[in-house]
Amino acid sequence: MIAHLPALQVVIPLLAAPACILVRGRDLAFWLALVTTWAAFLVSCLLLDQVMASGVISYELGGWAAPFGIEYRVDALNAFVLLIVSGIGAVVLPFTPRSLLIEMVGEKAYLFYCAFLLCVTGLLGVAITGDAFNLFVFMEISSLASCILISLGPHRRALTAAFQYLIVGTIGATFIVIGIGLIYGATGTLNMNDIAERLPQTGYNRTVIAAFAFLIVGAAIKLALFPLHFWLPKAYTYAPSTVSAFLAATATKVGVYVLIRFLFTVFGVEFSFEVLPTAFPLMLLAVLAMFVASTIAIFQDSVKRMLAYSSVAQIGYMVLGLSLVTVDGLTASMVHLFNHALMKGALFLAIGCIAYRQASFRIEDFAGMGKRMPWTMAAFTAGGLSLIGIPLTAGFISKWYLILAALAADEPLIAALIVISSLLAVIYVWRVVEAAYFRKPPPDAPAGEAPLSLLIPTWILIALNVYFGIETSLPVGVAEHAARALMGAGP
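Before going into details, it helps to say that this report is about the structure given with it. (Residues numbered from 1 in each chain as written. Predicted model: local features only at pLDDT ≥ 70, side-chain atom pairs only at ≥ 80, totals over all residues. Heavy atoms only, no water.)

### Remarks on the overall build of the protein
Where we set the bar: To qualify as a helix, a DSSP run of H or I must reach at least 4 residues; to qualify as a strand, a run of E must reach at least 2; elements of each kind are numbered from the N terminus. Atoms counted for the radius of gyration: C-alpha only. Globule rule: 2.2 Å times residue count to the power 0.38. Only protein chains enter the calculation, and the probe is 1.4 Å; a residue is then buried if its accessible area is under 20% of its type maximum, exposed if over 50%, and partly exposed in between. In what follows, residue pairs with any heavy atoms lying within 4.5 Å of each other are defined as contacts. When charges are tallied, Lys and Arg are placed among the positive residues and Asp and Glu among the negative ones, while His and the ends of the chain are skipped. A single reference atom marks each charge: NZ on Lys, CZ on Arg, CG on Asp, CD on Glu.
Helix and strand content of the protein: 21 helices and 2 strands. What you see for the protein is a C-alpha radius of gyration of 21 Å, in line with the 23 Å of a compact globule of 491 residues. In terms of principal-axis extent, the alpha carbons of the protein reach across some 75 × 55 × 40 Å. Counting across all 491 residues of the protein, residues that qualify as buried make up 60%. Looking at the protein alone, contacts between residues at least 24 apart form 78% of all its contacts between residues at least 6 apart. Taking the 25 positively charged and 24 negatively charged side chains of the protein as two groups, their mean positions are separated by 13 Å.

### Examining the packing of helix 7 (residues 157-187) against helix 8 (residues 192-202)
To keep it simple, the criterion reads: Note on geometry: axes are C-alpha line fits, over the in-contact stretch for helices, and angles between N-to-C directions span 0 to 180 degrees. Throughout this description, any angle smaller than 35 degrees is read as roughly parallel, any larger than 145 degrees as roughly antiparallel, any in the 65 to 115 degree range as roughly perpendicular, and the remainder as oblique. Crossing handedness follows the turn of the near helix against the far one: under a right angle anticlockwise gives a left-handed crossing, and clockwise gives a right-handed one. Think of it as three bins: nonpolar holds Ala, Val, Leu, Ile, Met, Phe, Trp, Tyr, Cys and Pro, charged holds Asp, Glu, Lys and Arg, and polar takes everything else, Gly as well.
Helix 8 packs onto helix 7 with a crossing angle of 60° between their chain directions and a minimal axis gap of 10 Å. In terms of orientation, helix 7 lies oblique with respect to helix 8. Remark: the crossing between helix 7 and helix 8 carries left-handed chirality. Of the residues in helix 8, those touching helix 7 at Ile183, Ala186 and Thr187 are Ile195, Arg198, Leu199 and Thr202. Across the contact of helix 7 with helix 8, the residue classes break down as 4 nonpolar, 2 polar and 1 charged.

### Some details on unusual backbone geometry
With an omega of 5°, the peptide bond between Phe226 and Pro227 qualifies as cis. Positive phi outside glycine occurs at Ala224, with the angle close to 65°. Examined against the element boundaries, Ala224 turns out to sit in the loop between helix 9 (206-223) and helix 10 (232-238). Ala224 sits in the buried class, given a relative accessible area of 0%.

### Quick word on the nonpolar core
Among soluble globular proteins, nonpolar side chains are generally buried collectively. So the rule is basically this: Here the nonpolar core consists of buried residues drawn from Ala, Val, Leu, Ile, Met, Phe, Trp, Tyr and Cys, with membership extended through side-chain atoms lying within 4.5 Å.
The biggest cluster of nonpolar side chains holds 194 residues, and the ones touching the most others in it are Phe264, Met334 and Phe380. Discounting residues that sit within four places of it in the chain, Met334 has contacts with Leu77, Phe80, Ile260, Ala479, Ala482, Ala483 and Leu486.

### Some details on empty space enclosed by the protein
As a reminder, the rule being used: The rule is simple: put a 1 Å grid over the protein atoms alone, call a set of points where a 1.4 Å probe fits but cannot get out a cavity, call an open set with protein on both sides within 12 Å along at least five of seven lines a pocket, and count a residue as lining if it has an atom within 4 Å of a point. Grid points are joined across faces, edges and corners, and a volume is the space filled by probe spheres set on the points.
Applying the stated rule across the entire model yields 2 cavities of 30 Å³ or more. Space inside the largest cavity adds up to approximately 190 Å³. In this structure, the largest cavity is lined by 16 residues; those nearest its centre are Met139, Ser143, Tyr165, Lys222 and Ala251. Roughly 30 Å³ of volume is contained in the second largest cavity. Forming the walls of the second largest cavity are Glu140, Ser143, Leu144, Cys147, Tyr165, Leu166, Gly169 and Thr170. Counted by class, the lining of the second largest cavity contains 4 nonpolar, 3 polar and 1 charged residues.

Below you can see the structure in the form of structure tokens.
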């Protein structure tokens, strides 16, 4: 069984998704999905432990040796991403039975669980596959499932958001599949490890350069890198809070993984950053994302939309780290990839707790929320502190490693910009905190704390934000191991 863990990582949720439709019952589908997500999380933990102990895992599907057959290749980088996706899915899923979404869907809830597991399957498949075309296939599975999940939002604009997500996602996927086709024409293989070995031999001709451009732009659309982020705010704002929490914590992180995989593994550091001047454009777009998106977030009336633009800014931090093209910079990017999943997942789950009592997400309607829903607002405040980067939170660790990486790369201006942009987060987080704790609630405001089934998943993520703000050996250790391998600096 241990030898087949890479296949089980994808097969378990893939088979469970149609099984949710077969059982049809709302409760049975939930328990099946819950067991499935926790089983996937266990598999990812075992894979990460095995990779850290023994090195890269190569799993040949169907007994066909790579590069002729499809290979699942697990190293520290994608084992880390598998842990994030499966872990967030396992924590978020218990939130769904009492959430507003499931109350609206009613007896058709099994269809939601089917789409949710397909989304998990797609994201896990993107992370684990060593085949470029299979990466595209899994990406489309997750995108189509995400469209369904987004469209289930309570507001009619959820349909518009889902349609926009579909169109923009299709454009991004088209760029990626064209790039894959060009790289196949240049190398004659789809195995990403084999591509990396053949490219220096074939030479970096115009076909390879065109493939690089298509793949990087396609990945940038998928991860919502500024200014290609326009699909994200509507998707996160109008999707059900459960879906927003899951996608904000996983989908863009997988997009960042794809960008890192293409830049550092498929094309390699020399071609990506020395032959082509890729580092500076990425750094410029990352800094613009940090400031422009954070500034826009300050002026939002909706808390969900504010958090959506905050996600665009946080993606900027991840891209900024990798644009330094150093082991320290890559380590900081991957640490923030992990920590941001925890903080943004917690914040959107807190919003889901509020949605259980009131339908409005306008900041003015949060007046007195600190007294009306003390545990929920305490969770939101703690998540906001992590987002800002206050010490003893996971967000502080991310910002600290980014600043150290910038200083080590002799970029003091970048380090200063990281600090200044973090102060912008203080402004938009404070707007919500001020309304919740320093304004009186209206007489007709709904009161009452969210049920434990909603609070427990939320506080699990908040507790992890604090834990990994103190004990950093897991995220930092794995991230540094992966960064050294990607930069060719050894394990």
